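Secondary and tertiary structure notes
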Amino acid sequence: QVELVESGGGLVQAGGSLRLSCAASGRTFSTYDMAWFRQAPGKEREFVCGWTSGYTRYATSVKGRFTFSSFNMQNTAYLQMASLKPEDTAVYYCASSPRPIKTYSSIAEYVYWGQGTQVTVSS
């Protein structure tokens, strides 16, 4: 069974930091394209960062504050978030695909998704 499980979310004050984890199981994900998305209430799911088609990408809104690492030997990927802002509040999802992603921000192209982990940033 193939599964992705996010963890590490929580409540943090503005300016604080959190590290999210995405644990994969069922097969090796180290060569798969991978990305983090987030979705705030009333908003569409949006691309945050990821490794797709051989390139590391960050949304402008998080560049310089977030750092991600793709799946390691233990099949775990991480998203280190720093200088968090209230607008970062959302459910964060990790996603992956065994085939190269053509459009990195297209959620439809990702085959595997985690259940999401809530990140809440207070003012």
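Above this text sits the structure in question.
Residues numbered from 1 in each chain as written. Predicted model: local features only at pLDDT ≥ 70, side-chain atom pairs only at ≥ 80, totals over all residues. Heavy atoms only, no water.

So, about the pairing of strand 4 (residues 33-39). Regular strands place their side chains on alternate faces of the sheet. Of all 7 residues in strand 4, 6 are buried; the element is thus mostly enclosed. In this sheet, strand 9 (residues 90-97) lies alongside strand 4 in antiparallel orientation, the contact comprising 7 bridges. The residue of strand 9 that forms the bridge with glutamine 39 is valine 91. Where strand 4 hands over to strand 5 (residues 46-52), the hairpin turn is made up of 6 residues, of which glycine 42 adopts a positive phi near 80 degrees. (Buried < 20%, exposed > 50% of the residue type's maximum accessible area, 1.4 Å probe, protein only. Helix = DSSP H or I, 4+ residues; strand = E, 2+ residues; numbered from the N terminus. Pairing = 2+ DSSP bridges.)

Attention now moves to the pattern of salt bridges. Taken as a whole and judged by the stated rule, the model has 3 salt bridges. In this structure, arginine 38 engages glutamate 46 in a salt bridge whose closest nitrogen and oxygen atoms are separated by 2.7 Å. Classification of arginine 38 as buried rests on a relative accessible area of 5%. Take glutamate 46: its relative accessible area is 36%, and that puts it in the partly exposed class. One salt bridge connects aspartate 88 with arginine 38, and the closest N-O pair in it is separated by 2.9 Å. Of this pair, aspartate 88 sits in the loop between strand 8 (76-81) and strand 9 while arginine 38 sits in strand 4, and the two are 50 residues apart along the sequence. (Salt bridge = Lys/Arg side-chain N within 4 Å of Asp/Glu carboxyl O.)

Right, let's talk about the environment of lysine 85 for a bit. Here lysine 85 shows up in the loop between strand 8 and strand 9. The class of lysine 85 is partly exposed, set by a relative accessible area of 34%. It is 8.2 Å that separates the C-alpha atoms of lysine 85 and glutamine 13, two residues lying 72 residues apart in sequence.

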